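# Fold and geometry: a report
The residues making up each chain are set out below.
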Amino acid sequence: MSQPSFPSLSPPITREEALNLILSSIAMEELGLSHIINAEGEKIQFILGTIPGMTGEPVTISDILDANESVQEMLSTISSNQMFLGMKAGNALNAPVIPGVTGATGPTGPTGPAEGAAGPTGATGAIGPTGATGATGATGPIGAIGAIGATGPTGDTGPIGPTGPTGATGPTGSTGPTGPTGSIGATGAVGPTGPTGATGPTGPTGPIGATGPAGAIGPTGATGPTGPTGAPGPNPTITAGFAANTSGSSYLVLLGGVLVDLPNSQLLSPDIAVNGANTTFTINTAGRYRISYHINTTAAVGVGSRLIINGSPNTASTISSGLSLSSVSNEVVVDLAAGSTVSLQLYGLIATAILLGSSAGASLMIIRLS
């Protein structure tokens, strides 16, 4: 089996140069790790939609949890690599000093006399210097990276642009002149009523005469028989509905929004139906409707509210999520086709909203106007 070999360097590097190259490689690895950590932070900012100027598709709580697990695995790997780099740097900085080559042995001195006189005992020599302190142990592993800081607040909304000019109103046509009123003729005496003659052919319509004075009021005639009852006419307010939440429900508000359930105090006309979750109301009569809602929370949570009509947010019903309010209300007038759906929604950044319990936590009212 072949043995490993190292390339020969020309000129060969010194021990100090080798240690400097090791420390440089550690520094380059640390720089690479810092770029990876920064990329993981930007990944979380993109998921939460907090990078200025960038908008993405709405994400679910499952998407956020998957991203969090991915970042946690990457940070764990970086932490392990950091431990190895710490030990590598400690070993390089505390590498022992390599002793030089042992010199050649000197010649043996001449042999002294076999039996010399014993000399006086010499004085005790001074205590030798304390030996050098041993090398410092390897640096311990680096601690785990701290949690990522909270996302900063959303910037202010820019100003609304100016309203364009209103077009000019067309000219109104001129009114024609009014004709003169004729003079009133003398009223003749009322003669007895003769028998009704046969109806003759209809003659041409003559000019309208002047209006005569009002005649005396005749006696009231006998009351005729009551006619049959006609079919019921349209009732613009027969379609109406009310529902509320008095249970003090708690909601985890996500980026895409969460529907508010309204299971209490429901009073719905026959042509309004509600789904099993008490979140979506289906209106089966077309018309113009007034829809209003109220939401009362236990604290100012900084989330927005709006109506979802036929699966889409209604802009006029929206209360912005940039405000911190504990009580919001709004109402709109909209035209709905038969089969339209209406829901009440909370939306905004991730937060928890708790409705007031044993009271009007949230309510929705639907009334057909015409």
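Residues numbered from 1 in each chain as written. Predicted model: local features only at pLDDT ≥ 70, side-chain atom pairs only at ≥ 80, totals over all residues. Heavy atoms only, no water.

Owing to its 3.6 residues per turn, the α-helix brings residues three or four apart onto one side. The end-to-end C-alpha distance of helix H2 (residues 61–93) is 47 Å, a good match for the 48 Å that 33 residues give at a rise of 1.5 Å each. Buried within H2 we find Ile64, Ala67, Val71, Ile78, Ser79, Gln82, Leu85, Gly86, Ala89, Gly90 and Ala92. Against the buried residues of H2 lie helix H1 (15–48). (Helix = DSSP H or I, 4+ residues; strand = E, 2+ residues; numbered from the N terminus. Expected span 1.5 Å × (residues − 1). Buried < 20%, exposed > 50% of the residue type's maximum accessible area, 1.4 Å probe, protein only. Contact = heavy atoms within 4.5 Å.)

A complete count under the given rule lists four salt bridges for this structure. Across the salt bridge formed by glutamate 29 and lysine 88, the nearest N and O atoms sit 3.8 Å from each other. With a gap of 59 residues between them, glutamate 29 in helix H1 and lysine 88 in helix H2 connect regions that are remote in the sequence. Residue classification places lysine 88 among the partly exposed positions, given a relative accessible area of 34%. Its salt-bridge partner being arginine 288, residue aspartate 335 comes within 2.8 Å of it at the nearest N-O pair. (Salt bridge = Lys/Arg side-chain N within 4 Å of Asp/Glu carboxyl O.)

What follows is about the packing of aromatic side chains. Within the structure shown, the criterion is met by zero aromatic pairs. Here arginine 306 stacks its cationic end above the ring of tyrosine 347, 4.0 Å away from the centre of that ring. (Phe/Tyr/Trp six-rings, centres within 6.5 Å; stacked < 30°, edge-to-face > 60°. Lys NZ or Arg CZ within 6 Å of the ring centre and 35° of its normal.)

In this section: the confidence of the model for the protein. As a note on interpretation, predicted positions should not be read in detail where pLDDT is low. Averaged over all residues, the pLDDT of the protein is 80; the fraction at 70 or higher stands at 72%. Predicted confidence is poor over residues 230–234, with pLDDT under 50, and the contacts of this stretch with residues over four places away or in other chains come to zero contacts. (pLDDT = per-residue confidence, 0-100.)

With that settled, the discussion passes to empty space enclosed by the protein. One pass over the full model with this rule turns up one cavity of 30 Å³ or more. Here the largest cavity defines a volume of roughly 100 Å³. Forming the walls of the largest cavity are 15 residues, and the residues nearest its centre are Thr297, Val301, Val303, Leu325 and Val328. Secondary-structure elements contributing two or more residues to the lining of the largest cavity are strand S8 (304–309) and strand S10 (327–336). (1 Å grid on protein atoms, 1.4 Å probe; cavity = no way out; pocket = protein on both sides within 12 Å on 5 of 7 lines; lining within 4 Å. Points joined across faces, edges and corners; volume = space filled by probe spheres on them.)

A few words on the nonpolar core. By size, the foremost hydrophobic cluster in this structure holds 29 residues, and its most contacted members are Ile291, Leu307, Leu364 and Ile366. Only strand S2 (250–253), strand S6 (281–283), strand S7 (287–296), S8, S10, strand S11 (340–347), strand S12 (351–354) and strand S13 (357–368) provide two or more residues apiece to this core. Excluding residues within four positions of it along the chain, isoleucine 366 makes contact with Thr239, Ala240, Gly241, Ile272, Phe281, Ile283, Tyr289, Arg290, Ile291 and Val342. Core analysis: the second largest hydrophobic core is formed by five residues, Leu33, Ile78, Leu85 and Ala89 among them. (Core = buried A, V, L, I, M, F, W, Y, C linked by side-chain atoms within 4.5 Å.)

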